[in-house]
Amino acid sequence: MRFLLDTEQRDFADALRGLLTAADTPAVVRDWSRGEHAAGRALWGRIGGAGVFGLAVPEEYGGMGRRPVELAVAFVELGRFAVPGPLAETAAAAVLLDDGESLAKRFLPGIASGETMATVALEQHGYGFALDADAADVRLAATPEGLRLSPGAGAVRRSLDPARRLAPLVPVGELLSTEPPWAEALTWARLATAAQALGVGLALLDRTVAYVKQRTQFGVPVGSFQAVRHRLADVKIALEFARPLVFGAAATMTPSDVAAAKLSACEAAYAAARAALQLHGAIGYAAEYDLSLWVTKARALRGAWGAPEECRRVVLGRP
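Enquirer: Can you tell me about the environment of Ala39, naming the residues and giving the values?
Expert: By the secondary structure assignment, Ala39 is in helix α3 (residues 38–49). Taking the C-alpha atoms as reference, Ala39 lies 27 Å from Val95; in sequence the two are 56 residues apart. Not counting residues within four places of it along the chain, the set of residues in contact with Ala39 comprises Val28 and Asp31.

Now the structure itself:
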């Protein structure tokens, strides 16, 4: 089965790519890693203005309606440019907060417009740390009583990706909902993470192909060596196998399909990161080199919202 984007979806991706190309995202990522959020928040507002966050928000609250396929299209581009911030978490928050008219009216218009940045810690599902809680406007914490609006967070802990700043949320605050849609929010977070990972993997492949065409050994580009070409072909195949799984999962939105997409996309991105490190040589390990921004993100996304083992259990229908 082939999943082809229509003209409107392709134009949307192209518009986002143009916006992000002009944004100098490596500089934004480095600022974000240091806890300097001004440039990142400005970019977040432009992404919101393009309608990205509205793809998880119903139309009556200022969104575009629940459109998971278009959300996947957008998040591939966000991953391709290593955009920082609680991206998947904001999509999950939009689902959690669409739980009653008063709650939705209070929070969803800001999320849809990009004015509100939200993060989530679903501790009852084993995800006890909230991403970028120090930058978020809305912090949602899962507690035994239900969904709470956390008033703050603990000390920031840096993850494998310096731009992913994790912190535990204070598990007190206003009780927003006693029975929020946990499972649905988790499915949206996993889809967004899968799409991000696919974009990260595609960026790593593009950067590595460009590098091996320039780097020479024995007087010829290393990209002409058969072993190098085979390694990159393996990465390309893995990413191309993951792509229809991501968009197919966005079309069905079943937990097993989304888990399969996340597993495939994150493993493909991780393979792309490993190949990029090997084929770049020593410079690939330098934090000052922009490649590191995608390499570390590929590794971090692999475990975000469900490690590979957990996703395999969901696919197989095992507890």
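Picking up where we left off.
Enquirer: Describe in detail the sheet that holds strand β7 (residues 174–177), supporting the description with residues and values.
Expert: Pairing within the open sheet is mixed, and its four strands lie in the order β1-β3-β4-β7. On the outer flanks of this sheet lie β1 (118–121) and β7, each paired with one strand and no other. Here the average twist between neighbouring strands, direction ignored, is 30 degrees. Across four bridges, β1 lies against strand β3 (residues 138–143) in parallel orientation. Note that in β3 the partner of Ala118 across the bridge is Val138. Packed onto the sheet, helix α5 (residues 87–97) meets β1, β3, β4 (146–149) and β7 and runs at close to 80 degrees relative to β1.

Enquirer: Could you give an account of the pairing of β4, naming the residues involved and the relevant values?
Expert: Both faces of the sheet carry side chains from a regular strand, because those side chains alternate between them. In this structure, β3 lies alongside β4, joined through four bridges in antiparallel fashion. By the bridge assignment for β4, Ala142 is matched with Leu147. The loop that links β3 with its antiparallel partner β4 comprises two residues. Looking at chain direction, β4 and β7 are connected through three bridges and run antiparallel. Counted as the bridge partner of Leu149 is Glu174 from β7.

What counts and how
- Residues numbered from 1 in each chain as written.
- Predicted model: local features only at pLDDT ≥ 70, side-chain atom pairs only at ≥ 80, totals over all residues.
- Heavy atoms only, no water.
- Helix = DSSP H or I, 4+ residues; strand = E, 2+ residues; numbered from the N terminus.
- Contact = heavy atoms within 4.5 Å.
- Pairing = 2+ DSSP bridges.
- Axes fitted to C-alpha atoms, helices over the stretch in contact; angles between N-to-C directions.

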